[in-house]
Amino acid sequence: MTRRFGNKRSGALGFGWARRFALSAYLRVFTPYLMTDRHIHWQSLLLEAFFVVLGVVLALGANAWFQGRGDQKAAQTARDSIQEELVVNRADVISAAQYHFRLADSLRVLADSVPRVAMFERGFVAPASPLETAWEAAATTGAISDFSYDDALVLGRVYEEQQRYAASTDRVGDMIYNRIFSGGYESVIERAGNLQAVLSTLWYQECILVARYDEALAYLGAAPSDSPAFCSYLNGR
């Protein structure tokens, strides 16, 4: 049986209407006998009361069924949106990984030579900016509460990896721009070995993130996509 992630939201209609319906039915059945001195025919009374209770139960069941269908549809819409977002994020991260890998490899080849500024056409580093819009929307609207446990685990893991990546790139950006501010561009270029190490760390993290995307997209049923050769080697594929 599939476990649900989070607390189930209450139905849109609630149960107040059911209580009012039951009270109304009760009064309709019993009031004629309470307001008169007629003899009570218990067999007829109990039969009518049975159908009143049955009507309430069926109404509650119908409300729960319609609400459940609405919740399932909202959850599926959220999963589809998250899948589309992960595809976009994956392409962005692969582009950043390719840039960082190319720069790191070029600096390795140059060895002790000072690189030209022109080779950094997108900056010393150019990290990706993965989106979290669909995931946050699912959390805000409560659609995540209707995800299965596995859905929440797999998708939550990839967004946690995105957050770790974002925190890491923020630190790298601060370090580089502080160096530029204190010593100019030359102070970064003259330490090409240090920059190579930073770039290698970035593309390594980006390949790890690509692997998380591939796991999540495969779980969601998306067709597999090619990864850069250096990422495929790193991730053992």
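Thresholds applied
- Residues numbered from 1 in each chain as written.
- Predicted model: local features only at pLDDT ≥ 70, side-chain atom pairs only at ≥ 80, totals over all residues.
- Heavy atoms only, no water.
- Helix = DSSP H or I, 4+ residues; strand = E, 2+ residues; numbered from the N terminus.
- Buried < 20%, exposed > 50% of the residue type's maximum accessible area, 1.4 Å probe, protein only.
- Contact = heavy atoms within 4.5 Å.
- Areas by Shrake-Rupley, 256 points an atom, 1.4 Å probe, with all protein chains shown as cover.
- Disulfide = S-S within 2.5 Å.
- Core = buried A, V, L, I, M, F, W, Y, C linked by side-chain atoms within 4.5 Å.
- Phe/Tyr/Trp six-rings, centres within 6.5 Å; stacked < 30°, edge-to-face > 60°.
- pLDDT = per-residue confidence, 0-100.
- Salt bridge = Lys/Arg side-chain N within 4 Å of Asp/Glu carboxyl O.
- Expected span 1.5 Å × (residues − 1).
- Axes fitted to C-alpha atoms, helices over the stretch in contact; angles between N-to-C directions.
- Parallel < 35°, antiparallel > 145°, perpendicular 65-115°, else oblique.
- Left-handed = near helix turned anticlockwise from the far one by under 90°.
- Nonpolar A, V, L, I, M, F, W, Y, C, P; charged D, E, K, R; others polar.

1. A closer look at the overall build of the protein chain
Right, so step 1: Across its full length, the protein chain carries seven helices and zero strands.
Right, so step 2: Moving toward the C terminus, one meets the helices and strands of the protein chain in the order α-α-α-α-α-α-α.
Right, so step 3: For the protein chain, the proportion of its 237 residues judged to be buried stands at 36%.
Right, so step 4: Contacts spanning at least 24 positions in sequence make up 81% of the contacts within the protein chain whose residues lie at least 6 apart.
Right, so step 5: Summing over all exposed atoms, the protein chain offers an accessible surface of approximately 14700 Å²; the carbon and sulfur share of this is 59%.

2. Quick notes on the state of the cysteines
Right, so step 1: Within the structure shown, the criterion is met by one disulfide.
Right, so step 2: Cys-207 shares a disulfide with Cys-231; S-S distance 1.9 Å. The disulfide joining Cys-207 to Cys-231 has a torsion of about -75° about its S-S bond and is therefore left-handed. Here Cys-231 lies in helix α7 (residues 229-234) and Cys-207 lies in helix α6 (residues 192-219), a separation of 24 residues in the sequence.
Right, so step 3: Residue Cys-231 is classed as buried on the basis of its relative accessible area of 0%.

3. Describing the nonpolar core
Right, so step 1: Ranked by size, the top nonpolar core spans 26 residues in total, and within it Ile-82, Leu-86, Trp-135, Phe-147 and Leu-155 carry the most contacts.
Right, so step 2: Mapped by element, the contributors of at least two residues to this core are α2 (42-110), α3 (133-141), α4 (149-183) and α6.
Right, so step 3: For this core, the element with the highest residue contribution is α2, accounting for seven residues.

4. Looking at the packing of aromatic side chains
Right, so step 1: For the structure shown, the criterion picks out five aromatic pairs.
Right, so step 2: With a centroid separation of 5.0 Å and 20° between ring planes, the pair formed by Trp-135 and Tyr-159 is classed as stacked. With a gap of 24 residues between them, Trp-135 in helix α3 and Tyr-159 in helix α4 connect regions that are remote in the sequence. The residues Trp-135 and Tyr-159 share a single accessibility class, namely buried.
Right, so step 3: Through a chain of ring-to-ring contacts, the aromatic side chains of Phe-101, Trp-203 and Phe-230 assemble into a single cluster.

5. Side note on the confidence of the model for the protein chain
Right, so step 1: Considering every residue of the protein chain, the mean pLDDT works out to 79; 68% of them sit at 70 or more.
Right, so step 2: Across the protein chain, α6 holds the top mean pLDDT of 93, while helix α1 (residues 16-34) sits lowest at 55.
Right, so step 3: Every residue in residues 1-15 scores below 50 in pLDDT, and together they form 28 contacts with partners more than four places removed in sequence or on other chains.

6. Concerning the pattern of salt bridges
Side chains that differ in charge, positive against negative, can pair when their charged atoms come close.
Right, so step 1: Following the criterion strictly, the structure yields six salt bridges and no others.
Right, so step 2: Arg-90 is the salt-bridge partner of Asp-214, the closest N and O atoms lying 2.6 Å from each other. Here Asp-214, found in helix α6, pairs with Arg-90, found in helix α2; they are 124 residues apart in sequence, far enough to count as distant.
Right, so step 3: According to the relative accessible area criterion, Arg-90 is buried, its value standing at 8%.
Right, so step 4: Glu-121 serves as the salt-bridge partner of Arg-102, at 2.6 Å between the closest nitrogen and oxygen. Here the residue Arg-102 occupies a position in helix α2, and Glu-121 occupies one in the loop between α2 and α3, the gap between them amounting to 19 residues.

7. Brief notes about α6
Right, so step 1: If you check α6, its first and last C-alpha atoms are 41 Å apart, about what 28 residues at 1.5 Å a residue would give, namely 40 Å.
Right, so step 2: Directly beyond the C-terminal end of α6, a positive phi value near 90° is found at Gly-221.

8. Some details on the environment of Ala-139
Right, so step 1: Mapped onto the elements, Ala-139 comes out in helix α3.
Right, so step 2: Taking the relative accessible area as the measure of exposure, Ala-139 reaches 47% and is therefore partly exposed.
Right, so step 3: In this structure the C-alpha to C-alpha distance between Ala-139 and Ala-78, which are 61 residues apart in sequence, comes to 9.4 Å.

9. Digging into α4
Right, so step 1: Here α4 is 35 residues long and its end C-alpha atoms lie 51 Å apart, about the 51 Å a rise of 1.5 Å per residue gives.
Right, so step 2: Directly beyond the C-terminal end of α4, a positive phi value near 80° is found at Gly-184.

10. As for the packing of α4 against α6
Right, so step 1: Viewed as axis vectors pointing N to C, α4 and α6 meet at an angle of 165°, and their least axial separation amounts to 10 Å. Considered as vectors, α4 and α6 are oriented roughly antiparallel to each other. Crossing geometry of α4 relative to α6 is assigned as left-handed.
Right, so step 2: Per-class residue counts for the contact of α4 with α6 are 15 nonpolar, four polar and six charged.

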